[in-house]
Amino acid sequence: MRPEEYANFHLKNFLKNTGILEKNIHDSRVDLRKYLTVARSTYVLHGKAECILKGKKIMKKLGKIRDMDVITCLKTEDRDSLAVEVVKSFNTLENCFLPKLYGSRIVIIKSLYNNYIKLLEENDFHKIRKLIRESRFLIDSLGYSSLDLKDISQELGNMRDTYLFQTECQNLQQKIDYERLRELKEKALVEIRSQIMITNFIHIKELLTHHLK
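If you're wondering where the values come from, they're calculated on a predicted model, not measured in any experiment. (Residues numbered from 1 in each chain as written. Predicted model: local features only at pLDDT ≥ 70, side-chain atom pairs only at ≥ 80, totals over all residues. Heavy atoms only, no water.)

Comments concerning the environment of Leu74
Of note, Leu74 is situated in the loop between helix 4 (49-70) and helix 5 (79-88). Here Leu74 falls in the partly exposed class, since its relative accessible area comes to 22%. The spacing of Leu74 and Arg129 is 55 residues in sequence and 22 Å in space, taken between C-alpha atoms. In this view, Leu74 contacts Asp67, Met68, Leu164 and Glu168; residues no more than four positions away in its chain are not counted. (Helix = DSSP H or I, 4+ residues; strand = E, 2+ residues; numbered from the N terminus. Buried < 20%, exposed > 50% of the residue type's maximum accessible area, 1.4 Å probe, protein only. Contact = heavy atoms within 4.5 Å.)

Given below as structure tokens:
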């Protein structure tokens, strides 16, 4: 499966998922996020800026609903009405399927390498979490997979939810466990490096090897 086929597969699933239950919202977010990860990385090849902008707006609203589902004290408005409104906007992405993109795999692997370089220096919790999550989806779009990055992403997601619940619902001055965050970041770096090295992209592998010297 090519990266654009991966993106289109998840966009198709996203468009079909028109329910508003908690699972529907969760699945919609995952599929849309996977589509957007590839669409943003390959933008130079397809130029569908409007699709990316629309997708980001929908993602933001889905995130608000998801937080209301998980962090119960955040239910400050009618959750179901908001969900119905957001789901109705899904069809604005019906024309956002990506065409066949020549060079998509090399663009994706370059994005993965760039994520690795950014992650090396990043210390912000939310940015680390985003870089690791995106790296996992980029690897998936190349036809590989990483259970380690999936597990790390899930743990970071749980850390985020716990922090949000304690600060927003319990009014606690909670702090992120930065020691654990550093451990997860180092583990993710090792895994991303390993995934890059098993690909056939010699130039990127040489860049990575040179960077590690």
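Brief notes about helix 9 (residues 178-197)
Counted at 1.5 Å a residue, the expected span for helix 9 with its 20 residues is 28 Å, and the 28 Å between its end C-alpha atoms agrees. Two or three places before Glu179, at the start of helix 9, stands the capping residue Asp177, its side-chain oxygen 3.3 Å from that residue's backbone nitrogen. (Expected span 1.5 Å × (residues − 1). Polar contact = N/O pair within 3.5 Å; in protein donor to acceptor, adjacent residues only side chain to side chain.)

A short note on the nonpolar core
Among the nonpolar cores identified, the biggest contains 54 residues, and Leu32 and Tyr35 are the most heavily contacted of them. Ignoring anything within four residues of it in the chain, the contact list for Leu32 reads Phe14, Gly55, Ile58, Met59, Leu62 and Leu93. (Core = buried A, V, L, I, M, F, W, Y, C linked by side-chain atoms within 4.5 Å.)

Regarding the side chain of Asp140
In this fold, Asp140 is placed in helix 7 (residues 125-141). Buried charged residue Asp140 carries no salt bridge. Nearest counter-charge: Arg136, at 4.1 Å. Residues in contact with Asp140, not counting those within four places in the same chain, are Tyr6, Ser145 and Ser146. (Lys, Arg positive; Asp, Glu negative; His and termini not counted. Salt bridge = Lys/Arg side-chain N within 4 Å of Asp/Glu carboxyl O.)

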